[in-house]
Amino acid sequence: METHKFGSIYCDGKAYGPKTEFTDSMVVTIGNTEQDKELGWIKAGDIYVCSRTIFPRASWKALDNLGLITGRPVSIDGKPYLCRAPKVGLDSHNPGKWDELLNEVGDMDSIWNCEGLWFWGQEVHPENHDFAVCRGGEEPRGWNYAEIHHQSPKIGFRPVLEQLPPMPILDEGMIGTRLRMYGEEGYFDTVLADFNDYDITAKLVGEMDFEFSWAQRDGDEVAISRDGLVWMERV
């Protein structure tokens, strides 16, 4: 079994320990490694699965609003990853990737540190989408459902990381290319207009659903600080 320690929890730009409780007002992410606040990971194939549940009190819906259920890019120590919830299956008769992982790595609580905590999976109840699957509890193979807005100190988020390819290197030939820009708060689509070593100027495509600390909008143009950019891709 291959284990690693890297990355830390960030809430509103400040690093916290793994047992920090979630509130709806938080903008949370996983970012650069902070000493004594590192997260543990189990590597299985080309993914990393957190060795414990974090963000207790986070509802499925709140995590989904942050893009963390199906996945959003994060940057950890200069490397981009897709951070998402595990795929856990619909019920005990239809297990998912989580069970495959337990079969491969082992299902001992000494590996997964359940500590009585459940974690949200990506899947929702097939007959009632107001409920989502939870796994864990007293042991890693535990099954349950909870209402997607439910907040409990016993339910949280067990992140999975998939390494992303490097961001495209901007050059003059990319002027006019449609790019999706990702930051801690979310993403928006643009058409590249100009760039330098510090900033990117682009035309906004569609709307910006949030206020972005690293992007300033002026009509349909947006100025982007490259320091605040987590990742970008062609779309």
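Draft legend 1. Seen up close, the sheet that holds strand β5 (residues 39-44). Reading across from one edge, β1-β5-β6-β15-β8-β7 is the order of the 6 strands in this open sheet, with antiparallel pairing throughout. A single partner strand is all that each edge strand has here, and the edge strands are β1 (2-6) and β7 (72-76). Within this sheet the neighbouring strands show an average axis-to-axis angle of 35°, counted without direction.

Draft legend 2. Inspection of the packing of aromatic side chains at higher detail. All chains considered together, the criterion is met by 13 aromatic pairs. Arranged with centres 5.4 Å apart and planes meeting at 85°, the rings of Phe 6 and Tyr 48 form a pair that is edge-to-face. Residue Phe 6 is found in strand β1, and its partner Tyr 48 is found in strand β6 (residues 47-50); the two are separated by 42 residues along the sequence. The burial state of Phe 6 is the same as that of Tyr 48; both residues are buried. Note on Tyr 182 and Trp 231: the rings are 5.8 Å apart at their centroids and 40° apart in plane angle, and the pair reads as tilted. Placement of the pair is Tyr 182 in strand β16 (residues 178-183) and Trp 231 in strand β21 (residues 231-234), with a sequence separation of 49 residues. Pair check on accessibility: Tyr 182 and Trp 231 agree, each one buried. Three or more aromatic residues joined by ring pairs form one cluster here, namely Phe 6, Trp 41, Tyr 48 and Tyr 81. The positively charged end of Lys 43 is found above the aromatic ring belonging to Tyr 48, 5.6 Å away from the centroid. The ring of Trp 143 carries Arg 135 above its face, with NZ or CZ at 3.8 Å from the centroid.

The rules we used
- Residues numbered from 1 in each chain as written.
- Predicted model: local features only at pLDDT ≥ 70, side-chain atom pairs only at ≥ 80, totals over all residues.
- Heavy atoms only, no water.
- Pairing = 2+ DSSP bridges.
- Helix = DSSP H or I, 4+ residues; strand = E, 2+ residues; numbered from the N terminus.
- Axes fitted to C-alpha atoms, helices over the stretch in contact; angles between N-to-C directions.
- Phe/Tyr/Trp six-rings, centres within 6.5 Å; stacked < 30°, edge-to-face > 60°.
- Buried < 20%, exposed > 50% of the residue type's maximum accessible area, 1.4 Å probe, protein only.
- Lys NZ or Arg CZ within 6 Å of the ring centre and 35° of its normal.

In short, geometric facts, not functional conclusions.
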